Each structure stands twice: as structure tokens, then as C-alpha cells.
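Structural features, examined
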Amino acid sequence: MDEIDIAFRETKKDAFLEIGFKYDVPYPETSQNRALHKKVDLIRREREDILYYRIFCFTQVVYSLKDYLKKIYPLKKREIESFFSDQIDGSIPKKGLANDLKHNPDKDMKFGFVEKSKKTEIVNRSKITTINFNFNWKYQGLDTIDHCKTVFKEIHQFVRDEIDSVS
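Along each chain, residues carry numbers from 1 onward, in the same order as the chain's sequence is written. Since the coordinates come from a predicted model, pLDDT governs what is reported: local features require at least 70, and pairs of side-chain atoms require 80 or more to be given and counted, while whole-chain, interface and lining totals use all residues. Hydrogens and waters are ignored; side-chain quantities use all the structure's heavy atoms.

Concerning the pattern of salt bridges
If the charged atoms of two oppositely charged side chains come close together, the side chains can form a pair. To keep it simple, the criterion reads: The working definition used for a salt bridge is a side-chain nitrogen of Lys or Arg within 4 Å of a carboxyl oxygen of Asp or Glu. Every helix listed is a DSSP run of H or I at least four residues long, and every strand listed is a run of E at least two residues long, numbered separately from the N terminus. Working definition: with a 1.4 Å probe on protein chains only, accessible area under 20% of the residue-type maximum means buried, over 50% means exposed, and in between means partly exposed.
Under the counting rule described, the total for this entry stands at 13 salt bridges. The salt bridge partner of Glu154 is Lys94, with a shortest N-O separation of 3.1 Å. Residue Glu154 is located in helix α6 (residues 144-163), and its partner Lys94 is located in the loop between α4 (77-85) and α5 (96-103); the two are separated by 60 residues in the primary sequence. A relative accessible area of 34% places Glu154 in the partly exposed class. According to the relative accessible area criterion, Lys94 is buried, its value standing at 10%. What you see here is one network of salt bridges that share partners, running through Lys66, Asp67, Lys70, Glu81 and Lys95.

Here's the deal with the nonpolar core
To be explicit about the condition: Among buried residues, those of type Ala, Val, Leu, Ile, Met, Phe, Trp, Tyr and Cys that are joined through side-chain atoms within 4.5 Å constitute a nonpolar core. Residues are treated as being in contact if the distance between any of their heavy atoms lies within 4.5 Å.
Of all hydrophobic cores here, the largest spans 24 residues; its most connected members are Ile4, Leu51, Ile55, Ile80, Phe84, Leu97 and Met109. Tallying contributions element by element places α6 first for this core, with six residues. Beyond its immediate sequence surroundings of up to four residues, Leu51 is in contact with Ile4, Ala7, Phe8, Thr11, Phe111, Asn136, Trp137 and Ile145. Ala15, Phe16, Phe21 and Ile43 belong to the second largest nonpolar core, which has six residues in total.

Some details on unusual backbone geometry
Excluding glycine, residues mostly have negative phi values, and the peptide bonds linking residues are mostly trans. You will see that Asn124, though not glycine, has its phi angle at about 50°, which is positive. Along the chain, Asn124 falls in the loop between β1 (110-123) and β2 (126-139).

So, empty space enclosed by the protein
The method is simple in principle: a probe with the dimensions of a water molecule rolls over the atoms, and the space it marks as empty is what remains. Defined as follows: Cavity means a closed set of points on a 1 Å grid over the protein atoms alone, one where a 1.4 Å probe fits but cannot get out, pocket means an open set with protein on both sides within 12 Å along at least 5 of 7 lines, and lining means a residue has an atom within 4 Å of a point. Grid points are joined across faces, edges and corners, and a volume is the space filled by probe spheres set on the points.
Counted according to the given criterion, the structure contains one cavity of 30 Å³ or more. Approximately 40 Å³ is the volume found for the largest cavity. Along its surface, the largest cavity is lined by Phe58, Thr59, Val62, Lys94, Leu97, Ala98, His147, Cys148 and Val151. For the lining of the largest cavity, the elements supplying multiple residues, two or more each, are α3 (31-72), α5 and α6.

Things to note about the state of the cysteines
Working definition of a disulfide: a covalent bond connecting the sulfur atoms of two cysteines. In plain terms, the rule: Only a pair of cysteine sulfur atoms within 2.5 Å counts as a disulfide in this structure description.
Tallying each qualifying case throughout the model produces zero disulfides. The thiol of Cys57 is unpaired, and the distance to the nearest cysteine sulfur, on Cys148, comes to 11 Å. The partly exposed category is assigned to Cys57, whose relative accessible area is 29%. Judged by relative accessible area, which is 1%, Cys148 ranks as buried.

Re the packing of aromatic side chains
Spelled out, the test is: Two aromatic rings from Phe, Tyr or Trp, using only the six-membered ring of Trp, form a pair when their centres are within 6.5 Å; if the ring planes differ by under 30 degrees the pair is stacked, by over 60 it is edge-to-face, and anything between is tilted. The rule is short: NZ of Lys or CZ of Arg within 6 Å of the ring centre and within 35 degrees of the ring normal puts a charge over the ring.
A full pass over the atoms with the stated rule returns six aromatic pairs. Residues Tyr52 and Phe56 carry aromatic rings whose centres are separated by 6.5 Å and whose planes lie at 10° to one another, so their mutual orientation is stacked. One end of the pair, Tyr52, and the other, Phe56, are both in helix α3, four residues apart, so they sit about a helical turn from each other. Judged by centre distance (4.1 Å) and plane angle (10°), the ring pair of Phe83 and Phe158 falls under stacked. Placement of Phe83 in helix α4 and of Phe158 in helix α6 is noted, with a sequence separation of 75 residues between them. Phe83 gets classed as buried once you look at its relative accessible area, which sits at 15%. One aromatic cluster is present, built from ring pairs that chain together Phe16, Phe21, Tyr23 and Tyr27. The side chain of Lys66 reaches across the aromatic face of Tyr63, ending 4.7 Å from its centre. The residue whose ring lies beneath Lys94 is Phe83, and the NZ or CZ to ring-centre distance is 4.6 Å.

A look at the packing of α3 against α6
Stated precisely, the cut-off is as follows: Every angle, taken between N-to-C directions, lies between 0 and 180 degrees, and every axis is a line fitted to C-alpha atoms, over only the stretch in contact when it is a helix. When describing relative orientation, an angle under 35 degrees is termed roughly parallel and one over 145 degrees roughly antiparallel, while 65 to 115 degrees is termed roughly perpendicular and anything else oblique. By the definition used in this description, the sense in which the near helix is turned from the far one sets the handedness, with an anticlockwise turn below a right angle giving left-handed and a clockwise turn giving right-handed. Classes in brief: Ala, Val, Leu, Ile, Met, Phe, Trp, Tyr, Cys and Pro nonpolar; Asp, Glu, Lys and Arg charged; the others, Gly included, polar.
It is at 11 Å that the axes of α3 and α6 come closest, and there the two elements cross at 20°. Classed by the angle they form, the pair α3 and α6 counts as roughly parallel. Taken as a pair, α3 and α6 cross one another with a handedness that is left-handed. Along its contact with α3, which presents Leu51, Ile55, Phe58, Val62, Leu65 and Leu69, the element α6 presents Thr144, Ile145, Cys148, Val151, Phe152, Ile155, Val159 and Ile163. Classifying every residue of the contact of α3 with α6 gives 13 nonpolar, one polar and no charged.

Here it is as C-alpha cells:
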């Protein structure tokens, strides 16, 4: 999870400023400036790709952990499979993201705006809705990093509650 957080923070850095450009400053259309713009795009894509790779690796570890636990604790196979496979309250199964990233390109993560929170309030008899977005990898409408953190916490809790009692 630390590597995912580090990679995510890297995507938040402004490559435009890092290259040496400044906002609200006109730049002539020269081959040198075009090359710098390409470098900005390259840095941005590279950071997005690293974050994708970190998330992908995490999901594959989750899937492998499921198989490992079933092998080591054969008496708990049913509980383990259920934990990793069942949807609870319409949520995505723990192994769902791993399966989709590996086998279903149409359900792959997309980099873009992800809704983080939404608040509606009445002000002077007018309904005002405030929506906070984050630029991040999203999977089936979810912020993928938040999803990975939740899965990590749930696995930790499951191992502590279900598996440690067997040892």
C-alpha cells in the first residue's frame, strides 16, 4: 500500500512546472518548446503507468493470497473463497478487480476524474450540491486506491478473525 500511495503522490506533481514552464506565460511555438511539451506528457504518462502497475501488482497479490490461504488452511476453504468472491451489499468482490485487470480489458481501470464525495444542502431555499473529484485511476466508478485500501483492511481483519483462530 505504501508503494501505491507514493506512486499516487507522484501523479499529483505538476510535470509542467517541473520541466520549467510557468503558467500564464506565453511560449513561442518552437521545436524546443514542443519537445518540452512532449516531455511533460511523457512524465505524466509514466507516472500514471507506474501507479497502474502498483495497483495491478497489489490486486494480483490479493488473488494469490486467496489461493495460498486455501492451500494452507484447507478446513477454511469455504470461508476463504466466500470472503474473496462474495459481493456484500452490491460491492465488488475482493478478487473482482484482480480478475478484471487480468482477463477483462473492457472493465480495465481508466485514468480520469473520480467522485470522492458529494454533499447536498439547502441554502436560501436553493438546493446546492457540492461534488469533490480526484484525478485518479477508477474502476467501475470507484476510486481504485480507496478500493485497494479497503480491501487491504478487510483482508487484514479477515485473517485476524478467521485464520489466526485456526493457527
